[in-house]
Amino acid sequence: MTENAKTALTPATHTTPPAKFSHGVKKGNILQVAGQVGFLPAVEGQAPTPAGPTLREQTLQTFANVKAILEEGGATWDDVMMMRVYLTDVDHFAEMNKIYNEYFEEQGLTAPAAARTTVYVGLPKGLLIEIDALAVLG
Amino acid sequence: MTENAKTALTPATHTTPPAKFSHGVKKGNILQVAGQVGFLPAVEGQAPTPAGPTLREQTLQTFANVKAILEEGGATWDDVMMMRVYLTDVDHFAEMNKIYNEYFEEQGLTAPAAARTTVYVGLPKGLLIEIDALAVLG
Amino acid sequence: MTENAKTALTPATHTTPPAKFSHGVKKGNILQVAGQVGFLPAVEGQAPTPAGPTLREQTLQTFANVKAILEEGGATWDDVMMMRVYLTDVDHFAEMNKIYNEYFEEQGLTAPAAARTTVYVGLPKGLLIEIDALAVLG
């Protein structure tokens, strides 16, 4: 086991993934966060539950879920190179940007903001947003 | 030419890409696998042919195609950090997860499973799944 | 501030991002280009304007926009590992490939072509293509 070994990043707050994948992995200075959605912290014996029906509730919870994985790997938002934002509705773009800006203002970044791609896809029923992230540490 | 030079990964089994891109590339310790679909091994003079019409057939063939590229670059599933799974139908999620779990159980991973994002998009007619992968070696 | 510090890549030609993200970022030897579309070079006081209504016009402008970010980070097309191409219409695949091939022939690559994934998603009204890119510098 070296410093470069691949490790899984599994915050205690997270629901169990629905398949054999990790919420995040880190190897060397690369940290990859799996697609996160707006699920509330896991409650044992309860199915994953979105933070609410609105874009704002789900987006803020999704950010919290991404951040928990970054922190589990010793990273911060400042280390994030790329955010991939998946929305289900083009009409959500302006509101998502507003929430995005407010959130990152509050986070007090000290490095330039990450790059980002936003596209419009299908997601499981009830979910309005999914985000994954690539970070480079160090 | 140094150890860090960018090299193309082109398994003999693979059909020629439909444009000027590589099935996989490796540079330094980073290996990127292009979007793979369920095409059977190439037969000269024959158009690319999916392994079958079912999600199971196409998913297993897609895994084989990704794996061939990883191996061409001296990598294994254990080196994969991120799998991006593109499905065409939300109703395929549960079945895909079942196939995904069975497949990776059989592969006998010794490192934590990769992170993953699954979204629902359009794909060329007849194709039900596409997967790409990012690996970090070493 | 070390050689590894994260820097934003902001070509003078580019329109201001619609939210708190960077058109490109570089950290160590990793360079990530945000999703680019076919917007013409920014004109102060004017809203972002696509290069034209056709796939050809938008694709070539998108390439130019990606390239400007690569160059801002001291990279070239040869350093690109992965291109993610988002189209809105499966029927655009053949034409996009033709434009893709012509463009990269003209660029005179000296390294193997990047890997690529193409999927079909929704994009804001009037946009036919979006591309992002991951590069590893040598």
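Higher on the page you've got the structure.
On a predicted model such as this, the values are computed, not experimentally measured, just so you know.

Rules of the game
- Residues numbered from 1 in each chain as written.
- Chains lettered and ligands numbered in written order.
- Predicted model: local features only at pLDDT ≥ 70, side-chain atom pairs only at ≥ 80, totals over all residues.
- Heavy atoms only, no water.
- Contact = heavy atoms within 4.5 Å.
- Buried area = accessible area lost by both parts, 1.4 Å probe.
- Salt bridge = Lys/Arg side-chain N within 4 Å of Asp/Glu carboxyl O.
- Polar contact = N/O pair within 3.5 Å; in protein donor to acceptor, adjacent residues only side chain to side chain.
- Helix = DSSP H or I, 4+ residues; strand = E, 2+ residues; numbered from the N terminus.
- Nonpolar A, V, L, I, M, F, W, Y, C, P; charged D, E, K, R; others polar.
- Pairing = 2+ DSSP bridges.
- Axes fitted to C-alpha atoms, helices over the stretch in contact; angles between N-to-C directions.
- Parallel < 35°, antiparallel > 145°, perpendicular 65-115°, else oblique.
- Left-handed = near helix turned anticlockwise from the far one by under 90°.
- Least-squares fit on C-alpha atoms with pLDDT ≥ 70 in both.
- Buried < 20%, exposed > 50% of the residue type's maximum accessible area, 1.4 Å probe, protein only.
- Expected span 1.5 Å × (residues − 1).
- Arc of directions from axis to C-beta.

Trainee: What is the right way to read the interface of chain B and chain C from this model?
Mentor: At the interface, 25 residues of chain B touch 31 residues of chain C. Ranking the residues of chain B by area buried against chain C places Lys-6, Lys-20 and Lys-27 of chain B at the top, with a combined share of 34%. Where chain B packs against chain C, one counts two salt bridges. The partner of Arg-84 of chain C in a salt bridge is Asp-132 of chain B, and the shortest N-O contact between them spans 2.8 Å. Run the count over chain B and chain C and you get 14 residue pairs in polar contact (both at pLDDT 80 or more). Going through the elements one at a time, β1 (7-8), β2 (24-27), β3 (30-36), β4 (80-87) and β6 (129-136) of chain B are the ones with two or more residues in the side of chain B that touches chain C. Among the elements that line the side of chain B that touches chain C, the one with the most residues is β3 of chain B, at five residues. Residues that form the side of chain B that touches chain C fall into these classes: 13 nonpolar, five polar and seven charged.

Trainee: Explanation requested: the interface of chain A and chain C in the structure shown.
Mentor: A common measure of how large an interface is: the accessible area buried when the components associate. With 31 residues of chain A at the interface, the matching set in chain C holds 26 residues. Each partner contributes to the roughly 2200 Å² buried at the junction of chain A and chain C, and carbon and sulfur atoms together form 62% of this total. Of all residues in chain A, Met-81, Pro-112 and Arg-116 of chain A give up the largest surface area on contact with chain C, accounting jointly for 23% of the area buried on that side. Counting the contacts that link chain A with chain C gives two salt bridges. If you look at where chain A meets chain C, you find 14 residue pairs in polar contact (both at pLDDT 80 or more). Elements supplying a minimum of two residues to the side of chain A that touches chain C: β4 (80-87), α2 (93-107), β5 (115-120) and β6 (129-136) of chain A. Of the residues assigned to the side of chain A that touches chain C, the class counts are 21 nonpolar, five polar and five charged.

Trainee: What exactly am I supposed to notice about the sheet that holds strand β2 (residues 24-27) of chain A here?
Mentor: As a general point, the strands of a sheet are linked pairwise by backbone hydrogen bonds and lie either parallel or antiparallel. Residue and element names in this part refer to chain A. Read from one edge to the other, the open sheet built from six strands follows the order β1-β2-β3-β6-β4-β5, with strand pairing classed as mixed. Both edges of this open sheet fall to β1 (7-8) and β5, since each of them pairs with a single strand only. Summarising the sheet, β4 and β6 pair through seven bridges and their orientation is antiparallel. For Val-80, the partnering residue across the bridge sits in β6 and is Ala-135.

Trainee: Honestly, the environment of Asn-29 of chain B in this entry has me stumped. Any pointers?
Mentor: Among the structural elements, Asn-29 of chain B can be located in the loop between β2 and β3. If we ignore the near neighbours within four places in the chain, the residues touching Asn-29 of chain B are Ala-135, Val-136 and Leu-137 of chain B.

Trainee: Before we go on, may I ask you to explain the packing of helix α1 (residues 55-72) of chain A against α2 of chain A in this structure?
Mentor: When two helices pack together, their arrangement is captured by the angle between the axes and the distance separating the axes. All names here are of chain A. At a minimum axis distance of 10 Å, the contact between α1 and α2 shows a crossing angle of 40°. Between α1 and α2, the angle falls in the class oblique. When you trace α1 past α2, the crossing you get is right-handed. Only Glu-95, Met-96, Lys-98, Ile-99, Tyr-100, Glu-102, Tyr-103, Phe-104 and Gln-107 of α2 make contact with α1, whose side of the interface consists of Leu-55, Arg-56, Thr-59, Leu-60, Phe-63 and Lys-67. Per-class residue counts for the contact of α1 with α2 are eight nonpolar, two polar and five charged.

Trainee: Could you clarify how one ought to interpret the relation of the copies chain A and chain C in this entry?
Mentor: Put simply, the two copies of the chain differ by a rotation about an axis and a shift along that axis. When chain A is brought onto chain C, the operation consists of a screw motion whose angular component is 120° and whose axial shift is 0.0 Å, with 0.1 Å RMSD remaining. Such a turn and shift between the copies fits a three-fold axis. Across chain A, the smallest distance between a C-alpha and the rotation axis is recorded for Val-121 of chain A, namely 3.3 Å. In this assembly, only 13% of the residues forming the interface of chain A have copies in chain C that are likewise at the interface, indicating a heterologous arrangement.

Trainee: Would you mind going over the pattern of salt bridges with me for this structure?
Mentor: Where charged atoms of side chains with opposite charge meet at close range, the side chains can pair. Here the structure, examined in full by the defined rule, presents 12 salt bridges over all chains. The partner of Lys-27 of chain C in a salt bridge is Asp-79 of chain A, with the nearest N and O atoms 2.9 Å apart. Here the residue Lys-27 of chain C occupies a position in strand β2 (residues 24-27), and Asp-79 of chain A occupies one in the loop between α1 and β4, the pair thus bridging two chains. The exposure class of Lys-27 of chain C is buried, given its relative accessible area of 5%. A salt bridge links Glu-102 of chain C to Arg-56 of chain C; the nearest nitrogen and oxygen atoms lie 3.3 Å apart. In this pair, Glu-102 of chain C sits in helix α2 (residues 93-107) while Arg-56 of chain C sits in helix α1 (residues 55-72), placing the two residues 46 residues apart along the sequence. Judged by relative accessible area, which is 30%, Glu-102 of chain C ranks as partly exposed.

Trainee: I would appreciate a short explanation of the side chain of Gln-32 of chain A in the present structure.
Mentor: Here Gln-32 of chain A shows up in strand β3 (residues 30-36). In this structure the side chain of Gln-32 of chain A is engaged in a polar contact, spanning 3.1 Å, whose partner is the backbone oxygen of Ala-133 of chain A. With residues up to four places along the chain from it excluded, the contact list for Gln-32 of chain A reads His-23, Gly-24, Val-25, Asp-132, Ala-133 and Leu-134 of chain A together with Met-81, Met-82, Arg-84, Ala-115 and Leu-134 of chain B.

Trainee: I keep staring at helix α2 (residues 93-107) of chain B and nothing clicks. Help me out?
Mentor: An α-helix turns once every 3.6 residues. As a result, residues three or four positions apart point the same way. Residues and elements named next belong to chain B. The end-to-end C-alpha distance of α2, which contains 15 residues, comes to 21 Å, matching closely the 21 Å that a straight helix rising 1.5 Å per residue would cover. Every buried residue of α2 is listed here: Met-96, Asn-97, Ile-99, Tyr-100, Tyr-103 and Phe-104. Seen end-on, α2 carries its buried residues on one side only, within an arc spanning 165°. In α2, the exposed positions angled more than 90 degrees off the buried face are occupied by Ala-94, Glu-105 and Glu-106. Each element contacted by the buried residues of α2 is listed here: α1 (55-72), β4, β5 (115-120) and β6. Positive backbone phi, approximately 60°, marks Gly-108, located one or two places after α2.

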